[in-house]
Amino acid sequence: MARNICFCAAITAVLISLCIAATLDIPIYRQHLIVGDETRGKSIKASETKPNPVWHNDTIPLQKFMDAEYFGIIRIGSPAKNFKMVFNTMWGDTWIPSAHCGLFEIACMTHTRYDSSRSSSYQEDGTIFSTGDTANDLQGFVSRDKFRLDHLTIENQSFIEMTHIPWIPYGLSKADGIIGLGFPDLRHIKAPSFFTNMLKQKLINKPMFSFYFNRDATTERAGRLVLGAPDRKHVNESTLVTVPVIGKLYWKIKMDRMVIDVRDKSHPFCKDGCEALLDSSTNTIVGPRDEIQLINDLLGARSFVPAIFKMDRYMVNCREFAKLPPINFVIAEKTFTINSKYYVQHLTYESLEICLSPFVPSDEKFWQLGGAFLMEFYTEYNFDHGQVTIGKTKF
Ligand SMILES: *[C@@H]1O[C@H](CO)[C@@H](O)[C@H](O)[C@H]1NC(C)=O
Ligand SMILES: *[C@@H]1O[C@H](CO)[C@@H](O)[C@H](O)[C@H]1NC(C)=O
Ligand SMILES: *[C@@H]1O[C@H](CO)[C@@H](O)[C@H](O)[C@H]1NC(C)=O
């Protein structure tokens, strides 16, 4: 009996992390482990009164949860409260759960909530936000407050206080909210985005940010996000390639092709070139249904069932995944190879073990390169130049 309960708990935990993995995830948890170039202790009180130092960049170390979710901490309000935030390149706005959400809003109740009545730096706005009126939509209203990073404080930052948050996927996530790092035109609300505000308030010098991620289970380090500067310590500079962004909305670039070599035969995908979005919000690689089907066949991946979660995920054999072929992405005629050690998502909980192919089908023509790609490649995003720079990560 106890065993069954355990097993159920294990299954549930894996499904939960999967579910998050499918929709929400990339990370950054700001910890004391690796705070950039200086040491810091418990300085929350001190930094609340300190003015912005002349620093011009900020670093947010990342931490991971079950190889599924990556997030960082931002402190909001006065006195400051910690919020675990996912930094999402596919989204334009910033939101956190609100203290005004109802009693039956489970996804809201199980996370840290923002209470404007307890923050002396709160400023009212009240503009209603809604993506629709079904249970699967997000609903809330706009407020403004101080956002505190490691060295920098953003004043008067607008964000959405969510009063309705769908249970799937957010109820299950470790993170409380999202900071959008897409281009400003992706925003739903009018006020300046997190990044635009940092530039407007002259907190950072360069209109750019950079990420590296680390999936290695033997280390606590899950990567980091640097705002306002490159992080070239974490990249092999001779592999760097800079490509233009298409359309200045998403971080969308041109991919020349993809190649998988299996048993001396070369299988090409995205043959005439295609568009690819860099997506820090998932662990997956999403592409056109027919091509993804062929790729999963080549990897020997079988469909993974939980239909209720509406996920098109495929499983590979955990004993064999080290033998799966490397996958080559060609961008600006340079080859970026991902290896199965990194691209397979390995979820374990107690004795339960599930290994997932990162390849997920969609009905769109473009590709989305998420964690499975970003785990091996450092990326830089420049808003002004509309450019992305990619190179092999140096851990
Ligand atoms: C961030 O700014 C500080 C102070 O100007 C500088 O010492 C540090 O090297 C910068 N970090 C990066 C990653 O550029
Ligand atoms: C704060 O932000 C709002 C919304 O962008 C703007 O209308 C207002 O002028 C800002 N206030 C200050 C003091 O910058
Ligand atoms: C950096 O990349 C170059 C070109 O691929 C390679 O020859 C070199 O060995 C790499 N350096 C390191 C330290 O990995």
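If you look the chain up in an unreviewed UniProt entry, it shows as Cathepsin D from Neodiprion lecontei. In its Sequence similarities (unreviewed entry) section, the UniProt record describing the chain reads: "Belongs to the peptidase A1 family."

A surface patch of nonpolar side chains, amounting to about 300 Å² of accessible area, comprises Ile106, Trp167 and Ile168. The residue isoleucine 168 is located in helix 4 (residues 167-171) in this model. Here isoleucine 168 falls in the partly exposed class, since its relative accessible area comes to 42%.

Turning our eyes to something else, we now look at the packing of aromatic side chains. Inspection of every chain in the model, using the stated rule, returns 26 aromatic pairs. A centroid spacing of 5.3 Å and a plane angle of 75° characterise the contact between phenylalanine 183 and phenylalanine 383, whose relative ring orientation is edge-to-face. Separated by 200 residues along the polypeptide, phenylalanine 183 in the loop between strand 9 (177-180) and helix 5 (194-200) and phenylalanine 383 in the loop between strand 26 (377-382) and strand 27 (387-392) bring together distant segments of the chain. Members of the aromatic cluster, connected to one another through ring pairs, are Tyr70, Phe183, Phe195, Phe209, Phe211, Phe213, Trp251, Tyr381 and Phe383. Over the ring of phenylalanine 377 we find lysine 392; its NZ or CZ atom is 5.2 Å from the centre of that ring.

Here five strands make up an open sheet; going across it, the order is 13-16-25-17-24 and the pairing mixed. Sheet topology places strand 13 (252-255) and strand 24 (359-362) at the edges, where each strand pairs with a single neighbour. With direction set aside, neighbouring strand axes in the sheet form an average angle of 30°. Most of the contacts of helix 6 (residues 289-298) go to strand 17 (residues 285-288), to which it runs at about 120°, and overall it touches strand 17, strand 24 and strand 25 (367-369).

The subject of this paragraph is the sheet that holds strand 22 (residues 345-349). Hydrogen bonds along the backbone pair up the strands of a sheet, which may run parallel or antiparallel. Taking strand neighbours across the sheet as the criterion, the four strands line up as 18-19-23-22 in an open arrangement whose pairing is antiparallel. Every other strand in the sheet has two partners, leaving strand 18 (302-303) and strand 22 as the edge strands with one partner each. As judged from the five bridges shared by strand 22 and strand 23 (residues 352-357), these two strands associate in the antiparallel manner. Note that in strand 23 the partner of tyrosine 349 across the bridge is leucine 352.

This paragraph deals with helix 6. Every buried residue of helix 6 is accounted for by Glu291, Ile292, Ile295 and Asn296. Take helix 6 and look down its axis: the buried residues cluster within an arc of 135°, on one side only.

What follows concerns the state of the cysteines. What the rule picks out here adds up to three disulfides. Counting only the cysteines that form disulfides, in the order they appear in the chain, gives the pairing 1-2, 3-4, 5-6.

Below, the discussion takes up the pattern of salt bridges. Within the structure shown, the criterion is met by 14 salt bridges. Put simply, aspartate 231 and arginine 224 hold a salt bridge, and the shortest N to O gap is 3.0 Å. Residue aspartate 231 is classed as buried on the basis of its relative accessible area, which comes to 4%. Each member of the salt-bridge network shares a partner with another, and the members are Arg232, Glu237 and Glu380.

Next up on the list: the site of ligand 3. Every residue close to ligand 3 is listed here: Asn236, Ser238 and Thr239. In this structure, an oxygen atom belonging to ligand 3 sits 2.3 Å away from a side-chain N or O atom of asparagine 236. At a separation of 3.1 Å, an oxygen atom of ligand 3 approaches a polar side-chain atom of serine 238. Taken by itself ligand 3 offers 360 Å² of open surface, and the protein chains cover 26% of this.

Along strand 8 (residues 153-164), nine of the 12 residues are buried, which leaves the element largely enclosed by surrounding structure. Relative to strand 8, strand 5 (residues 94-97) is paired through three bridges, and the arrangement is parallel. Each residue of the ladder has a partner; that of tryptophan 95, found in strand 8, is isoleucine 160. Sheet topology note: the strand 7 (residues 139-148)/strand 8 ladder contains nine bridges and is antiparallel. Opposite glycine 140, over in strand 8, you have methionine 162 as the bridge partner. Connecting strand 7 to the antiparallel partner strand 8 that follows it, the hairpin turn spans four residues.

Calculation rules
Residues numbered from 1 in each chain as written. Chains lettered and ligands numbered in written order. Predicted model: local features only at pLDDT ≥ 70, side-chain atom pairs only at ≥ 80, totals over all residues. Heavy atoms only, no water. UniProt positions renumbered as here; feature names shortened; annotations may be inferred. Patch = residues over 30% accessible without salt bridge, like charges linked within 9 Å, V, L, I, M, F, W, Y side chains within 5 Å. Areas by Shrake-Rupley, 256 points an atom, 1.4 Å probe, with all protein chains shown as cover. Salt bridge = Lys/Arg side-chain N within 4 Å of Asp/Glu carboxyl O. Helix = DSSP H or I, 4+ residues; strand = E, 2+ residues; numbered from the N terminus. Buried < 20%, exposed > 50% of the residue type's maximum accessible area, 1.4 Å probe, protein only. Phe/Tyr/Trp six-rings, centres within 6.5 Å; stacked < 30°, edge-to-face > 60°. Lys NZ or Arg CZ within 6 Å of the ring centre and 35° of its normal. Pairing = 2+ DSSP bridges. Axes fitted to C-alpha atoms, helices over the stretch in contact; angles between N-to-C directions. Contact = heavy atoms within 4.5 Å. Arc of directions from axis to C-beta. Disulfide = S-S within 2.5 Å. Near = heavy atom within 4 Å. Polar contact = N/O pair within 3.5 Å; in protein donor to acceptor, adjacent residues only side chain to side chain.

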